[in-house]
Amino acid sequence: MEYEGINGAYSLKEFVSKLPKPRTIWLMIPHQTVDELLKQLVPLLQKGDTIIDGGNSPFKDSVQRAKKIKNKNINFLDIGVSGGPEGARYGASLMIGGDKELFGKYEYLFKDLSVKGGYGYMGKSGAGHFVKMVHNGIEYGMMQAIGEGFEVMKKSPFSLDLYSVADVYNHGSVITSRLIGWLSQAYSKFGDELNTPECCLGKVPQSGEGQWTVETAKELGVPVAIIEGAVRFRTKSQNKPSYTGRVVSALRHEFGGHEAKTNEE
């Protein structure tokens, strides 16, 4: 595949050996698998190499990983990445934690990977994943509010065309946003009922960041009733699907390509 610009590797050892020194390795894997991969990867690296965790890892884990890796003279950055498939194609939003000098070294890379103005240094190790965790908690609450509002309209006596409502909302209203735009797209694809198995079963999975936000807020003594309610809704939706759940599922489908599932991820 080298003629297509792809240089394959069939083991971590071969992969590491093919990288120019000092090596930079960007991980985009589920947080549950990061420690196991690091256990295999770090012994293959040398002083001055850098590992970037671009997945959604719990920030406390990132703090500990940075300490352990630094003791082996390996650099570590934690980066919260937002934007979904569109971000991968056209530029993501990057929230970067770690040593500030290391951030400066790689700033050219972050600028290339992000939308214009879409990256920033958040602070010491763990800060990138902390900010992304809160981002996802806010996302839970925003999506929940949209779902609840559209269910109210769905059950109103006015026989509303919800595609038209979403389209108008997304042209100059106070809640004009990418989320409303994605909902408008979903209505145009799947109709007002949003009952297509491809996207909108009404049972909404969750990947963990909303719950992490709630737990962290409690540790900090900060009430987060909206986010906590959205997390509870997703849990209850597994046994009690609803139109609100269809709206939230449709949003997840449109911005992230998430297929509908009948249980939690």
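Above this note sits the structure.
Source: prediction; values computed, not measured. (Residues numbered from 1 in each chain as written. Predicted model: local features only at pLDDT ≥ 70, side-chain atom pairs only at ≥ 80, totals over all residues. Heavy atoms only, no water.)

Asker: Which parts of the structure should I look at to understand the overall build of the protein?
Answerer: Within the protein one finds twelve helices and five strands. Dimensions of the protein, computed from the C-alpha atoms along their principal axes, are close to 70 × 50 × 35 Å. Within the span of the protein, comprising 265 residues, buried residues form 43% of the whole. With an accessible surface of roughly 14,500 Å², the protein has 55% of that area assigned to carbon and sulfur atoms. With 32 positive and 30 negative side-chain charges, the protein shows a separation of 6 Å between the mean positions of the two kinds. (Helix = DSSP H or I, 4+ residues; strand = E, 2+ residues; numbered from the N terminus. Buried < 20%, exposed > 50% of the residue type's maximum accessible area, 1.4 Å probe, protein only. Areas by Shrake-Rupley, 256 points an atom, 1.4 Å probe, with all protein chains shown as cover. Lys, Arg positive; Asp, Glu negative; His and termini not counted. Charge placed at Lys NZ, Arg CZ, Asp CG, Glu CD.)

Asker: What's the story with the sheet that holds strand 4 (residues 92-97) in this structure? I'm lost.
Answerer: Note: strands within a sheet are paired through backbone hydrogen bonds, in either parallel or antiparallel orientation. If you walk across this open sheet you meet the five strands as 1-2-3-4-5, and the pairing is mixed. The two strands at the open ends of the sheet, each matched to only one other strand, are strand 1 (24-27) and strand 5 (114-123). Taking the axes of each pair of neighbouring strands and ignoring which way they run, one obtains an average angle of 25° across the sheet. With four bridges joining them, strand 1 and strand 2 (residues 50-53) adopt parallel strand pairing. Among the inter-strand pairings, Ile25 is bridged to a residue of strand 2, identified as Ile51. Along the sheet face, helix 3 (residues 59-70) touches strand 2 and strand 3 (75-82) and points at about 155° away from the line of strand 3. In the packing of helix 7 (residues 127-154) onto the sheet, contacts are made with strand 2, strand 3, strand 4 and strand 5, and the angle to strand 3 comes to roughly 15°. (Pairing = 2+ DSSP bridges. Axes fitted to C-alpha atoms, helices over the stretch in contact; angles between N-to-C directions. Contact = heavy atoms within 4.5 Å.)

Asker: How should I be thinking about the nonpolar core in this particular structure?
Answerer: Proteins that are soluble and globular tend to have nonpolar side chains buried together. Within the largest apolar cluster, 25 residues are counted, with the highest numbers of intra-cluster contacts made by Ile146, Phe150, Leu183, Tyr187, Leu194, Val247 and Leu251. The set of elements that each furnish at least two residues to this core consists of helix 7, helix 8 (162-169), helix 9 (178-190) and helix 12 (243-256). Per-element accounting of this core gives the leading share, seven residues, to helix 9. Those residues within four positions of Val247 in sequence are excluded, and the remaining contacts are Ile146, Gly147, Phe150, Leu183, Tyr187 and Leu194. (Core = buried A, V, L, I, M, F, W, Y, C linked by side-chain atoms within 4.5 Å.)

Asker: When you look at unusual backbone geometry in this model, what are you seeing that I'm missing?
Answerer: The phi angle of most residues is negative, glycine excepted, and most peptide bonds adopt the trans form. Residue Pro22 follows Lys21 across a cis peptide bond; omega there is -10°. Position of Pro22 among the secondary structure elements: in the loop between helix 1 (12-18) and strand 1. Positive phi, normally seen in glycine, also occurs at Ser159, with a value near 50°. Assignment of secondary structure puts Ser159 in the loop between helix 7 and helix 8. Look at Leu194: it is not a glycine, yet its phi comes out positive at around 50°. Locating Leu194 in the fold gives a position in the loop between helix 9 and helix 10 (209-220). With relative accessibility at 0%, the residue Leu194 sits in the buried group.

Asker: Which parts of the structure should I look at to understand the packing of aromatic side chains?
Answerer: The full count for this structure, using the stated rule, is seven aromatic pairs. Measuring from ring centre to ring centre gives 6.4 Å for Phe103 and Tyr119, while their planes differ by 40°; the resulting arrangement is tilted. Pair noted here: Phe103 is in helix 5 (residues 100-105) and Tyr119 is in strand 5, with a separation of 16 residues, a long-range link. The exposure class of Phe103 is buried, given its relative accessible area of 9%. (Phe/Tyr/Trp six-rings, centres within 6.5 Å; stacked < 30°, edge-to-face > 60°.)

Asker: Looking at this structure, I do not really get the pairing of strand 4. What am I missing?
Answerer: Where a strand is regular, its side chains alternate between the two sheet faces. Strand 4 sits mainly inside the fold: five of its six residues count as buried. Pairing of strand 4 with strand 5 involves five bridges; the strand directions are parallel. The partner of Ala92 across the bridge, within strand 5, is Ser114.

Asker: Mind showing me how you'd approach the side chain of Glu209 here?
Answerer: With respect to the helices, strands and loops of the structure, Glu209 is situated in helix 10. Among the polar contacts made by the side chain of Glu209, one reaches the side chain of Asn136 at a distance of 3.4 Å. The residues contacting Glu209, other than those within four sequence positions of it, are Asn56, Met133, Asn136 and Tyr140. (Polar contact = N/O pair within 3.5 Å; in protein donor to acceptor, adjacent residues only side chain to side chain.)

It is worth stressing that arrangement in space is one thing and function is another; only the former is reported here.
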